[in-house]
Amino acid sequence: MTDLAIWADRLTKRYGDTLAADGIDLAITRGAFFGLLGPNGAGKTSTVHMLSTLIRPTSGQARVAGYPVLTRGLDVRRNIGVVFQDPALDRTLTVAENLRFAGMLHGLSRAEIRQRSEALLELFGLNEHRDRLVESLSGGMRRALDIARGMIHRPQVLFLDEPTTGLDLPNRRAIWRHIARLRAEHGVTVLLTTHYLEEAVDCDEVAFLHAGRLVRSGRPRELIESLGRYVIEVETDAPGRVAADLAPRLGDALIEGNCVHFRSDDEPGEWAMLQQELAGAVRAVRWRRPNLNDVFLWVNHSAASRREAA
């Protein structure tokens, strides 16, 4: 277990009759980039809060940075950084002052704070903005500073809970460039939760949560390949009927609004004929290569189907 940065065994959190996290098992190696994915209410944030000692598990056990979260919480907190969905910055202080304050909270010396602040300001492209008040920064700059603040004490593990929510695409890409450099230069283990599935493609491994349970995990590219060569999208006003009519030929269907999704390894030569075969019930037929968002949809579809059948 010495090579694991995060380990969890049957980690569970219950709020009354609601299971926010139901028997989560994790084994994340040191230096890995791990994505914890799932819809709202799936249990992502509850899991992160248990691993970062913010809430106590109802049952189960976990170790983070080599320390048990139940009995060595202070040691865990000394070795982790946490970036929440809502910034933890003081908007009335400057960029440099926020880093200085964070360093003081972690008991760093003035020399350590100065040295580490300089390195982080350079790493996150904030050097020219060091004397600006946080309230004057753009959303992307504030998020970059928030992550830098979480790294001032050089933690072994960094938890990023929806770090790019509310940012536009250029700022989101900038944040991920910073994080890539952070991992390359410091070897930090990163656990990410996100709604933007394309951000998780570069993870070493991802795990999908559904209704508090871990239902699928693996390397993103392998999970995408497991869906098949193509995703077929059939746009129709009668999705239930079209799904039933095409299932014998194309297999299990996933209905999303007025679109029916199928998976196939066959070449798309004759798929366009489906529009003629279904006599006007189909408005359009499209096919494309699958992506991680398709994995997300199919994993939740399968999990929901199993819950209904149980």
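Since this is a predicted model, take the numbers as computed values, not measurements.

### Focus on the overall build of the protein
Each helix and strand counted, the protein has 10 helices and 14 strands in total. Buried positions account for 50% of the 310 residues belonging to the protein. Pairs at least 24 apart in sequence give 70% of the contacts found in the protein among residues at least 6 apart. Carbon and sulfur atoms make up 47% of the accessible area of the protein, which totals about 15,100 Å². Across the protein, 40 positive and 40 negative side-chain charges occur, with their mean positions spaced 6 Å apart.

### Re the pairing of strand β10 (residues 213–218)
One ladder, built from 5 bridges, connects strand β9 (residues 205–210) with β10; its direction is antiparallel. Residue pairing in the sheet places Ala-207 in a bridge with Ser-217 of β10. Remark: 2 residues form the turn of the hairpin made by β9 and β10, two consecutive strands paired antiparallel; Ala-211 in that turn has positive phi of roughly 50 degrees.

### A few points about the pairing of strand β11 (residues 230–236)
For β11, the tally of buried residues reaches 6 of 7 residues, placing the bulk of the element in the interior. The pairing of β11 with strand β13 (residues 259–264) spans 6 bridges and is antiparallel. By the bridge assignment for β13, Val-234 is matched with Val-260. Taken together, the 6 bridges between β11 and strand β14 (residues 282–288) define a ladder with antiparallel strand orientation. Across the sheet, residue Val-231 finds its bridge partner in β14, namely Arg-288.

### Brief notes about helix α5 (residues 139–151)
For the α-helix, the turn length of 3.6 residues means that residues three or four positions removed from each other point alike. The first and last C-alpha atoms of α5 sit 19 Å apart over 13 residues, in line with the 18 Å expected at 1.5 Å per residue. Most of α5 is tucked away: 10 of the 13 residues are buried. Those residues of α5 that fall on the buried side of the exposure criterion are Gly-140, Arg-143, Ala-144, Leu-145, Asp-146, Ile-147, Ala-148, Arg-149, Gly-150 and Met-151. The elements touched by buried residues of α5 are β6 (80–83), α3 (95–105), α4 (110–123), β7 (157–161) and α6 (169–186).

Reading guide: rules and limits
Residues numbered from 1 in each chain as written. Predicted model: local features only at pLDDT ≥ 70, side-chain atom pairs only at ≥ 80, totals over all residues. Heavy atoms only, no water. Helix = DSSP H or I, 4+ residues; strand = E, 2+ residues; numbered from the N terminus. Buried < 20%, exposed > 50% of the residue type's maximum accessible area, 1.4 Å probe, protein only. Contact = heavy atoms within 4.5 Å. Areas by Shrake-Rupley, 256 points an atom, 1.4 Å probe, with all protein chains shown as cover. Lys, Arg positive; Asp, Glu negative; His and termini not counted. Charge placed at Lys NZ, Arg CZ, Asp CG, Glu CD. Pairing = 2+ DSSP bridges. Expected span 1.5 Å × (residues − 1).

So yeah, pure geometry; function would need other evidence.
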